[in-house]
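In case you want the letters, here they are:
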Number of protein chains: 2
Amino acid sequence: MPSEDRPSGDRKKSRVTLLDVAQHADVSRATASLVIRKSPLVGAETRARVEAAMRELGYVYNLGAARLRAERSHTVGVVVPNLTNPFFAELLSGIESVIDAAGMVVILANSGDLVERQDMVMRRMREHGVDGVILCPAAATGTDFPDRIEEWNLPLVQALRHISDDMDYAGVDYAAGMHQAVEHLASLGHRIIAFAVHGPIHSAYHERIEGFREAMQSRGLEPDLIVRVPDQTAQIPGSASLLFQGTAKPTAVICFNDVIALGLVAGLHDLGLKVGESFSLIGFDDVAEAEVVRPRLTSVSTAPVSIGENAAKLLLDRLSDPLLPPRKVVKATQLHIRQSCASVGEAVL
Amino acid sequence: MPSEDRPSGDRKKSRVTLLDVAQHADVSRATASLVIRKSPLVGAETRARVEAAMRELGYVYNLGAARLRAERSHTVGVVVPNLTNPFFAELLSGIESVIDAAGMVVILANSGDLVERQDMVMRRMREHGVDGVILCPAAATGTDFPDRIEEWNLPLVQALRHISDDMDYAGVDYAAGMHQAVEHLASLGHRIIAFAVHGPIHSAYHERIEGFREAMQSRGLEPDLIVRVPDQTAQIPGSASLLFQGTAKPTAVICFNDVIALGLVAGLHDLGLKVGESFSLIGFDDVAEAEVVRPRLTSVSTAPVSIGENAAKLLLDRLSDPLLPPRKVVKATQLHIRQSCASVGEAVL
DNA sequence: AAAAGCTTTTAGATCGATCTAAAAGGATGG
DNA sequence: CCATCCTTTTAGATCGATCTAAAAGCTTTT
């Protein structure tokens, strides 16, 4: 009888452990472990006894201990460039809901769109032993990054922006969205259309620019009326005049996102132009505010919540089968027509 | 010579461990551990050798293993009712930056403002062994909740909303904010002022309502013109007429938050009222959009990012000294005057 | 009654770090 | 030259779970 497991005399007040549960239910640690993990191996009566013991003792599973042995942390890292931007907040929301439903948790980090911080953050994720990462890569991410990921063999899915074709990607068909916007304006008779952009340069940026150019060119329209506005929200209205400083005067503008759209609506208003009457404007993202602004904003919807959900599903699939070939889930956009566009004919009236 | 630590012949391809580093640097595991933790006990030459070994082998610290022994996970839980709301996203951003700077990470969860989900989420946080939690309590959180927390002895700070005076709290002086808003409108000559509210009922809700009532009463004004508008952003504009369905017709409205404010600006516009001229309106939160909307929105600023920072600092303080008495950090609001308010005299012109 | 085949339970090693208590090495003092 | 003290290093136990391989109990077959 070499069993001296239980120093019950002077028990340290520390936490309730699986061993405590096992002893209370009169089974071995191993059996108790099986019960927790819902193994079919354990008998019904025993299972009930162990579960009762867990309840009585107020047992809390120690995932940290489990992970050490089992090599799974039930944790995924999410790295975004900026939390203040509602767009990423919605992405995050979609990710969180799917990850949560799968019984895992999200470890969050902010790269600030800076590669050095991104490196630091990725290291920290590895130290914390995340099972995988959903990353919206910082704009200046180097070309060696995918190789490093490969070496770490850390499952990773790219969201919104992509830097490698060898990894999963969940995003939006930005180019098609630009086509929808141009198509709508062209059908209203607009011939000179500007594209207002800002922010860092990344794949999503290129795709939108290219989409715009293509769509314009295919209609024989001048594709280079691209105007850069300030990054700071508060300065955007004041930059509306930039639209008209070239020789070609646009009758409509497509905006890189709705932050720009809202800002330019204000700025154009300040210039005495009536958006939706004497000037047309299309936003991108279709944020909630599009509906509560006057005129209501016509906008290309990108539904970031569902992109987040897609990204999370891709990651879960990959975790359950690491050998899957890389996949892309590219969502279609939808043009939401409201009040901010008028036909050129009307404008002349 | 009982040392058979190194089965180097057929090494499993698994991760690089501290033992590998130690052997490579020709020291013991214990010494290598001291180096990682930057202990002053270890000699300079030895430290350099170990650090070189870590670099050469590409060693990654295994926090999971460390936590098991050391009882600290370098992890804090953050529970918010809703991620889609930019207000919470900003709060989260503030929390993340401070927690990150302290070398810890954020585990995120969404309670959906539902107590059952909140319970589940709190359990999961405990399973993951977080060192502490920052919680924005769900509206219907029961009175027994603080006791349960106490039992778990899990450091917790309340953010934005509070349910117990025995725990740390970081928030905003909503009542004072309401006083500022009422004061501003009263000084412009407004006598009949409505308060537009929505959303779940919680401490921050009560404080705003009470603040409004008090401020109105102290000026001898009718304090009960409280109008409930829909929760869905898109339906708010259509509810603007609710403001005028009583016998007392307000000349101004204070809004519970800027989502309502933006919605009502649109709705009032639809009714033919000119906000900032024939009608006055004050928002609450001072979101970025306040500046890019026309008329620019006068709003009471609550700076959620800095509330998040305060909450995180409170938690870090508590972690380093669990015996600290409970503290409250209540930020002052600031009235940001823009264009959405006019004096009653002007309105009559 | 022994063998074979299930189902259920278990002892003991293990994951990768930290912690404790003590040993080893070097300098100083009597 | 040995005792004392200080600095640096270390062996071995430990945290709380999981995993492996085998044992213990049951039925069912032969």
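Here the structure is shown first, and the text comes after it.
If you're wondering where the values come from, they're calculated on a predicted model, not measured in any experiment.

Q: Mind showing me how you'd approach the pattern of salt bridges here?
A: All names here are of chain A. Counted according to the given criterion, the structure contains 38 salt bridges over all chains. Across the pair Arg318 and Asp168 runs a salt bridge, and its minimum N-O distance is 2.5 Å. One end of the pair, Arg318, is in helix 11 (residues 304–320); the other, Asp168, is in strand 5 (residues 168–172), with 150 residues separating them in the sequence. A relative accessible area of 2% places Asp168 in the buried class.

Q: So what exactly am I meant to see when it comes to unusual backbone geometry here?
A: Residue and element names in this part refer to chain A. Look at the link from Arg294 to Pro295: it is a cis peptide, with omega at 0°. Assignment of secondary structure puts Pro295 in the loop between strand 9 (280–285) and strand 10 (299–301). Positive phi, close to 60°, is recorded for Glu71, a residue that is not glycine. For Glu71, the position within the fold is in the loop between helix 4 (63–70) and strand 1 (75–80). In this structure, Ala303 takes a positive phi of about 45° despite not being glycine. Here Ala303 shows up in the loop between strand 10 and helix 11.

Q: Would you mind showing me how to read the protein's contact with DNA strand D here?
A: Not every one of the 27 residues close to DNA strand D is listed here, only the nearest: Thr17, Leu18, Ser33 and Tyr59 of chain A together with Thr46 of chain B. A breakdown of the atoms of DNA strand D within 4 Å of the protein gives sugar and phosphate a share of 70%. Between DNA strand D and Ser28 of chain B there is a distance of 2.8 Å, counted from a phosphate oxygen to a backbone nitrogen or oxygen. Measuring from a phosphate oxygen of DNA strand D, one finds a side-chain N or O atom of Thr46 of chain B at 2.3 Å. Those elements that provide at least two residues to the surface near DNA strand D are helix 2 (29–36) and helix 4 of chain A together with helix 2 (29–36) and helix 4 (63–70) of chain B. Element by element, the count of residues in the surface near DNA strand D is highest for helix 4 of chain A, at five residues. Looking at the surface near DNA strand D, its residues break down into 14 nonpolar, seven polar and six charged.

Calculation notes
- Residues numbered from 1 in each chain as written.
- Chains lettered and ligands numbered in written order.
- Predicted model: local features only at pLDDT ≥ 70, side-chain atom pairs only at ≥ 80, totals over all residues.
- Heavy atoms only, no water.
- Salt bridge = Lys/Arg side-chain N within 4 Å of Asp/Glu carboxyl O.
- Helix = DSSP H or I, 4+ residues; strand = E, 2+ residues; numbered from the N terminus.
- Buried < 20%, exposed > 50% of the residue type's maximum accessible area, 1.4 Å probe, protein only.
- Near = heavy atom within 4 Å.
- Polar contact = N/O pair within 3.5 Å; in protein donor to acceptor, adjacent residues only side chain to side chain.
- Nonpolar A, V, L, I, M, F, W, Y, C, P; charged D, E, K, R; others polar.

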